[in-house]
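Chain and residue survey
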Amino acid sequence: MKTQDNKVVLGQWPTPLAKLDNLSRHLGVAIEIKRDDLSGLAFGGNKTRKLEPILAEALAQDCDVVITAGATQSNHCRQTAAAAAMLGLECHLVLAGQADDFPVKQGNLLLDHLFGCTIHWSGDNRKGEDIPALKQQLITQGKRPYVVPYGGSNALGASAYVLAMQELASQRDSQPAYTHIIFASSSGGTHAGVALGNVLYPQSKNVVGVYIDKAESTDSFCQHILSLSDQAAQHMGVPDRLELNQIGLNSDYLGEGYGVLGNAEREAIALMASQEGILLDPVYSGRAFSGLLGMIRQGQIAKDDRVLFWHTGGSPALFAYADQL
Ligand SMILES: *Cc1c(COP(=O)(O)O)cnc(C)c1O
């Protein structure tokens, strides 16, 4: 849906903010949840926020095709495909793997097909390495392609999470600040936005992005987040800049690597589901919540702390892991 001021609205805002009473009792720490998994766009997730300004730019540039890339079970690609359907744009996804690997379409891949997008298989490449060639091909066909960056992480995507912090602040009035805001971090846009947003609309003593991908060293990923937050600040015209010590990247929960389900994630998913009736996902939110559980066990989060778990979505991927859960 395109409104008159060229805004694109893809989701339902604000997303709910709720207490997790059963888990708080069970774990002995007050935990609340921000439900971006309920953002409303085709099973929801954090990419809905990021895609609103990004696809507004695509429409403003009069593009007619969007291209993006990701893992086979990419939530970003699924939400991009749904948004493209909604906006009447053609969509091309460049996904890791090959067609033969998936005789039965499941999870996000099944949904990608239903949204009518074109899938290009890219083997081991899951970060858009093959996009430039595809873009050129579409231009040759007379189309006007727009490339949505990996994970929707650029100045626009990150600024959407600065505004998400403003949304959170408006839901909380003058309640005492959280001690920790915890969420999954991967392409960095969510992290950059939440951390910068916490400077502009202070909500928490600590921001804790649980890094779920081994792809980059902790140092280089921090620099990437810093750069994204600077780009977002510049785009939004705010003078504030994030300091390295305000990023709060936690790399203790990388598990067996990107997308590999281990016991820690399995336990976290089962605990949230059985205590609260809320679904996490195997790749991102399950791992981030296992980080929260680990931090409680290690005493890094204590009894009188107040924690916000930011649910970033991803539950459709559960079905692709059915034989491992
Ligand atoms: C993409 C994604 C993330 C990570 O967000 P980034 O902005 O890419 O760091 C977290 N959770 C889910 C479910 C995602 O799909």
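Look up a bit, the structure's there.
Going along each chain's sequence as written, the residues are numbered from 1 onward. Note on the predicted model: pLDDT of at least 70 is required for a residue's local features to be given, and 80 or more for side-chain atom pairs to be given and counted; whole-chain, interface and lining totals, by contrast, use all residues. Computation of side-chain values covers all heavy atoms of the structure but excludes hydrogens and water.

A word on the nonpolar core. In these notes, a set of buried Ala, Val, Leu, Ile, Met, Phe, Trp, Tyr and Cys residues joined through side-chain atoms within 4.5 Å is what counts as a nonpolar core. Remark: exposure states derive from per-residue accessible area (1.4 Å probe, protein chains only) relative to the maximum for the residue type, with buried under 20%, exposed over 50%, and partly exposed in between. Counting 32 residues, the largest nonpolar core has Ile31, Ile182, Met272, Phe289, Leu292 and Phe309 as its most contacted members. Only runs of H or I of at least four residues qualify as helices and only runs of E of at least two qualify as strands under DSSP, and these elements are numbered from the N terminus. Elements with a contribution of two residues or more to this core: α1 (21-27), β2 (30-35), β7 (178-185), β8 (204-211), α9 (263-276), α10 (285-297) and β10 (306-311). Per-element accounting of this core gives the leading share, six residues, to α10. Ala158, Met165, Ala195 and Leu196 belong to the second-largest nonpolar core, a separate cluster that totals 29 residues.

As a structural note, the neighbourhood of the ligand is formed by 16 residues, with Lys47, Lys50, Ser187, Thr190 and Thr312 the closest of them. Any N or O atom pair separated by 3.5 Å or less is treated as a polar contact, with the protein-specific requirement of one donor-capable and one acceptor-capable atom, and with residues adjacent in sequence counted only for side-chain atom pairs. Residue lysine 50 places a side-chain N or O atom 2.6 Å away from an oxygen atom belonging to the ligand. In this structure, threonine 312 approaches the ligand through a side-chain N or O atom, which is 2.6 Å from a nitrogen atom. In the complex, the protein chains occlude 98% of the 380 Å² of accessible area that the ligand would expose alone. Sorting the residues of the shell around the ligand by element identifies α2 (47-60), β7 and α7 (189-200) as the ones contributing at least two each. One heavy atom within 4 Å of a molecule or strand makes the whole residue count as near it. What sets the accessible areas is the Shrake-Rupley method with a 1.4 Å probe; for residues, cover comes only from the shown protein chains.

This paragraph deals with the packing of aromatic side chains. For this analysis, a ring pair means two rings from Phe, Tyr or Trp (six-membered ring only for Trp) whose centres lie within 6.5 Å, classed as stacked if their planes differ by under 30 degrees, edge-to-face if by over 60, and tilted for the remaining angles. Overall, the coordinates contain five aromatic pairs when judged by the stated rule. Plain terms: the ring middles of phenylalanine 102 and tryptophan 121 are 5.5 Å apart, the flat faces sit at 20° to each other, and that makes the pair stacked. Placement of phenylalanine 102 in the loop between β4 (90-95) and α4 (107-114) and of tryptophan 121 in strand β5 (residues 118-121) is noted, with a sequence separation of 19 residues between them. Accessibility expressed as a relative area gives 27% for phenylalanine 102, which makes it partly exposed. What makes tryptophan 121 partly exposed here is its relative accessible area of 27%.

Here the focus is the packing of helix α3 (residues 75-87) against α4. Two elements in contact, α3 and α4, have axes whose closest approach is 9 Å; the angle formed by their N-to-C orientations is 20°. With respect to α4, the axis of α3 lies roughly parallel. As for how α3 packs across α4, the hand of that crossing is left-handed. Residues Asn75, Cys77, Arg78 and Ala81 of α3 pack against Asn108, Leu111 and Asp112 of α4. Following the grouping adopted for this structure description, the nonpolar residues are Ala, Val, Leu, Ile, Met, Phe, Trp, Tyr, Cys and Pro, the charged ones are Asp, Glu, Lys and Arg, and the polar ones are all others, Gly among them. When the residues that make up the contact of α3 with α4 are grouped by side-chain class, the tally is three nonpolar, two polar and two charged. Comment: axis = line fitted to C-alpha atoms, over the contacting stretch for helices; angle = value between 0 and 180 degrees taken between N-to-C directions. To sort the angles, those under 35 degrees are grouped as roughly parallel, those over 145 as roughly antiparallel, those from 65 to 115 as roughly perpendicular, and the leftovers as oblique. For a crossing to be left-handed, the near helix must be turned anticlockwise from the far one by less than a right angle; the clockwise case is right-handed. It only takes one pair of heavy atoms within 4.5 Å for two residues to be counted as in contact.

The next point concerns the sheet that holds strand β6 (residues 145-147). In this analysis, strands are considered paired if DSSP registers two or more bridges between them. The sheet built from four strands is open, its strands ordered β5-β4-β3-β6 with parallel pairing. Across the chains shown, the open sheet's two edge strands, defined by having one partner strand only, are β5 and β6. Taken over all neighbouring pairs, the strand axes of this sheet differ in orientation by 25° on average, direction set aside. Relative to β4, strand β3 (residues 65-70) runs parallel, the two sharing six bridges. Paired with threonine 68 across the strands is leucine 93, a residue of β4. Against the sheet, α4 makes contact with β4 and β5, and its axis sits at roughly 135° relative to β5, the strand it touches most. Lying over the sheet, helix α5 (residues 131-140) contacts β3, β4, β5 and β6, oriented at roughly 165° with respect to β3.

Time to look at α3. Taking 1.5 Å per residue as the helical rise, α3 with its 13 residues ought to reach 18 Å, and the 18 Å between its terminal C-alpha atoms agrees with that figure. For α3, the buried fraction is high: eleven of the 13 residues fall into the buried class. Among the residues of α3, those classed as buried are Asn75, His76, Cys77, Arg78, Gln79, Thr80, Ala81, Ala82, Ala83, Ala84 and Leu87. The elements touched by buried residues of α3 are α2, β3, β4 and α4. Structurally, the start of α3 carries an N-cap: the backbone nitrogen of histidine 76 is 3.2 Å from a side-chain oxygen of serine 74. Positive phi shows up at glycine 88, right after α3, with a value of about 75°. One less than the residue count of a helix, multiplied by 1.5 Å, gives the span that helix is expected to have.

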